[in-house]
Each structure stands twice: as structure tokens, then as C-alpha cells.
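Here are the chains, one letter per residue:
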Amino acid sequence: MNLKQINNFMKSVDAGNMTKAAEQLHVSQTALGLQIRNLETMLGVELLVRHSRGISMTDAGRLLYERGVEIMRLVDEARRDVSAFSKSSQQVVSMGLTPSTIRMLGADFLVSAHSELPGISLRVVEELSFILIDLLMRDEIDIALAYDASENTSALRMPLMEERLFFITAPGAPFPKGPVPFNEVIASNLALPGDRDNVWHAVHRAARNSTLPVNIRFSIQSLEMIKTLVEQGHATSIVPYGVVKQKIEEGKIVAHPIENPELGRTLYLIETPGRLSVTRDAKLKLFIDRLVDTLAERLGDGARVIGRCSEP
């Protein structure tokens, strides 16, 4: 028994006779009569009684009609609910962000994403830049805002913002307030992440250009541990401002600009050729631009926007 058979049976009952029902269903009266008889044969009971005034239901027919009303209601409800779900279903976009970016933006940007990106559900993944790029290359995330991505990958890079790096010390450390020369920075007892991190590369690039050695006392892939060592006076470090913003405001860490040379890094929108359809969404492009604008504004003089995702 299928929905068409049930529907035709119910239409016949509603019409009161086979002729009118056949007209409403756009089938011949013979074909409709055959369908009803086949249904009765399949169920092994008589459903309709034919007489001169038209048709009437048997007890079995009345039961089938009552159940048919419920079945058709459920079918219509399911069709409506599923269609509504389809219209309101959201595309899930996985965006990778670095810890310093998330600290600077806070939860505000997720709240904004909910209102500014109808039809898109934003899933945020927090990792260091090199890990985000690895995740991107394995198709585990769709896009990433990461720093200093290598040109040697197949990922596509769009530079969006340049950011200064700062030398951080404990408040009582023997360094004056204000800028500290690069050669004094790398001669201090540095705690730095490993050699896959963009800060490590920025430091060593500058050191190679000046032929100076870098004194790394602690090699740690934990920003929290680095901040603790610096706060306790056991080490110094070189970090983006966003990583230590709260500690600076609390007076637990001092941030010094670095000079001769300055150190910086570049924030890129990174995507792979297979995921380009994600950033073709105009609303998402505008959202990313606003996110970068907000990030640069909160970093103050330490950052400047250099590219726009929404520009062709």
C-alpha cells in the first residue's frame, strides 16, 4: 500500500461517487475503480460499497479513511518541516584563528558573526599559525587567518595586516621603558616557541641579517608558560601585543618596542584552491574585513591594514 492508493481512496470517499472522484484526480473512472479494487484485494477486505447513490464506506474502509487522514497530515507536516529546515539550514564554515587574534577580538566577533552571516554557521578553531596551515592543507578547516604562511605551500595567501612584535619583560627587569635595541633583545634570556613558529622565524631572520646570535634560554611551545616565566622574571620573550595585552594592563608584564631593526609579522587570509567557494560569499568577505579592521584598531600603533578581502 502506498500514498497514492490511500490518497485516491480518500478522494473517492470525499467525492461521494467514483465519477466525480475520477474527474478530480484526472484519471478515468475505470482506472480509479481498478485501483480501489486492487487495494481491497491487497488488504483482503471490502472498503467501499457501490450503490445507485454513489459509494459508502465499510467499517474497514472507515478505519482506513481515519488512518489516512492522520497519515496525510503527517506527510504534509513532514514535507513542510523538512522544507523549512532546508531553507534555514546553514553552511558550516570552519575558520582557523591564532590565540593572539582570539584574545584581541574576544567573544564579540562570534556574536557579530551570528547576526552578520545569515546562512553561515561559523566554527572557530584556535591554534598557532603553522598548525592552522597544516589543518588547512589536510582539509580539516576551510580558511585561516594566520601569520607568515610559507610561499612553498599550495595554499593561496592574501596579505591583510602587518603587526609589530614586542619585547616583553617582568616589571623589575633591568631594561628601560620604551624601545630596546634588537641586539640587546636577543642577548637576553629569551623564551621562544619552536622553529615552526612565525615569531621564531622573524627573530632569526633579523639575527642572520645582523650576524648576531640568539640567546634562547627556554624553547617552549606554550604561550601560557612563556608568559609565566616572563612574569616571574626567569626569562624575556618576543611576542605579538595581543598575547600579553591583559598582563600588560594588569601591570604584570612590560612591553617594549624593538628597534634597529623593528620586528613584525604579516597576517594572511589563507585558503586552498578546493575551498575557494567559501570566500566567494560577499557577506563573509565583508565580515573578514571588519574582523581585521577591529583587530588592527585594538592593536593600535602596532598594526596597520594592508589588504581587503572584499576587494577584487
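Residues numbered from 1 in each chain as written. Predicted model: local features only at pLDDT ≥ 70, side-chain atom pairs only at ≥ 80, totals over all residues. Heavy atoms only, no water.

Undergrad: How should I be thinking about the packing of aromatic side chains in this particular structure?
TA: Each aromatic ring pair is characterised by the separation of its centres together with the angle its planes make. If you walk through the whole model with that rule in mind, you get 2 aromatic pairs. Ring geometry for Phe167 against Phe175: centres 5.0 Å apart, planes inclined by 80°, an arrangement best described as edge-to-face. Judged by relative accessible area, Phe167 falls into the buried class, the value being 0%. A cation over a ring is seen here: Arg157 above Tyr268, with NZ or CZ 4.4 Å from the ring centre. (Phe/Tyr/Trp six-rings, centres within 6.5 Å; stacked < 30°, edge-to-face > 60°. Buried < 20%, exposed > 50% of the residue type's maximum accessible area, 1.4 Å probe, protein only. Lys NZ or Arg CZ within 6 Å of the ring centre and 35° of its normal.)

Undergrad: What am I meant to see in the environment of Ala60 here?
TA: Here Ala60 lies in helix α4 (residues 59–88). Among the residues examined, Ala60 registers a relative accessible area of 28% and is labelled partly exposed. Setting aside residues no more than four positions away along its own chain, Ala60 makes contact with Val45, Glu46 and Leu47. (Helix = DSSP H or I, 4+ residues; strand = E, 2+ residues; numbered from the N terminus. Contact = heavy atoms within 4.5 Å.)

Undergrad: Help me out: how do you make sense of the packing of helix α6 (residues 108–116) against helix α12 (residues 282–299) in this one?
TA: Helix packing for two helices is described by the angle between their axes and how far apart those axes are. One can describe the packing of α6 onto α12 by two numbers: an axis separation of 11 Å at closest approach and a directional angle of 155°. The angle between the axes of α6 and α12 places the two elements in the roughly antiparallel class. Where α6 crosses over α12, the handedness of that crossing is right-handed. Residues Asp108, Phe109, Ser112, Ala113 and Glu116 of α6 touch α12, and the partners they reach there are Lys283, Phe287, Arg290, Leu291 and Arg298. By residue class, the composition of the contact of α6 with α12 is 4 nonpolar, 1 polar and 5 charged. (Axes fitted to C-alpha atoms, helices over the stretch in contact; angles between N-to-C directions. Parallel < 35°, antiparallel > 145°, perpendicular 65-115°, else oblique. Left-handed = near helix turned anticlockwise from the far one by under 90°. Nonpolar A, V, L, I, M, F, W, Y, C, P; charged D, E, K, R; others polar.)

Undergrad: Before we go on, may I ask you to explain the pairing of strand β3 (residues 91–97) in this structure?
TA: Consecutive residues of a regular strand have side chains that alternate between opposite faces of the sheet. Summarising burial for β3: 5 of the 7 residues are buried, a large majority. Inspection of the sheet shows β3 paired to strand β4 (residues 120–126) by 7 bridges, in the parallel sense. By the bridge assignment, Ser94 is partnered in β4 with Arg123. Bridge analysis of β3 against strand β5 (residues 143–147) gives 3 bridges, and the strand direction is parallel. What sits directly across from Leu97, in β5, is Leu145. (Pairing = 2+ DSSP bridges.)

Undergrad: Please explain a nonpolar patch on the surface as it appears in this structure.
TA: A contiguous nonpolar patch, built from Met1, Met42, Leu43 and Val45 and spanning about 350 Å² of accessible area, is present on the exposed surface. Within the element layout of this structure, Leu43 appears in helix α3 (residues 29–43). (Patch = residues over 30% accessible without salt bridge, like charges linked within 9 Å, V, L, I, M, F, W, Y side chains within 5 Å. Areas by Shrake-Rupley, 256 points an atom, 1.4 Å probe, with all protein chains shown as cover. Salt bridge = Lys/Arg side-chain N within 4 Å of Asp/Glu carboxyl O.)

Undergrad: Help me understand the confidence of the model for the protein chain, please; the structure alone is not making it clear to me.
TA: Averaged over the protein chain, the pLDDT score is 86; the fraction of residues at 70 or greater is 93%. Mean pLDDT across the elements of the protein chain bottoms out in α4 (77) and peaks in strand β8 (residues 190–192) (95). (pLDDT = per-residue confidence, 0-100.)

Undergrad: What is the right way to read the pattern of salt bridges from this model?
TA: A side chain of one charge can pair with a side chain of the opposite charge when the charged atoms of the two come close. A full pass over the atoms with the stated rule returns 15 salt bridges. The partner of Arg62 in a salt bridge is Asp59, and the shortest N-O contact between them spans 3.2 Å. Taken together, the residues span about one helical turn, with Arg62 and Asp59 both in helix α4 at a distance of 3 residues. Judged by its relative accessible area of 36%, Arg62 falls in the partly exposed class. By relative accessible area, Asp59 is classed as exposed at 64%.

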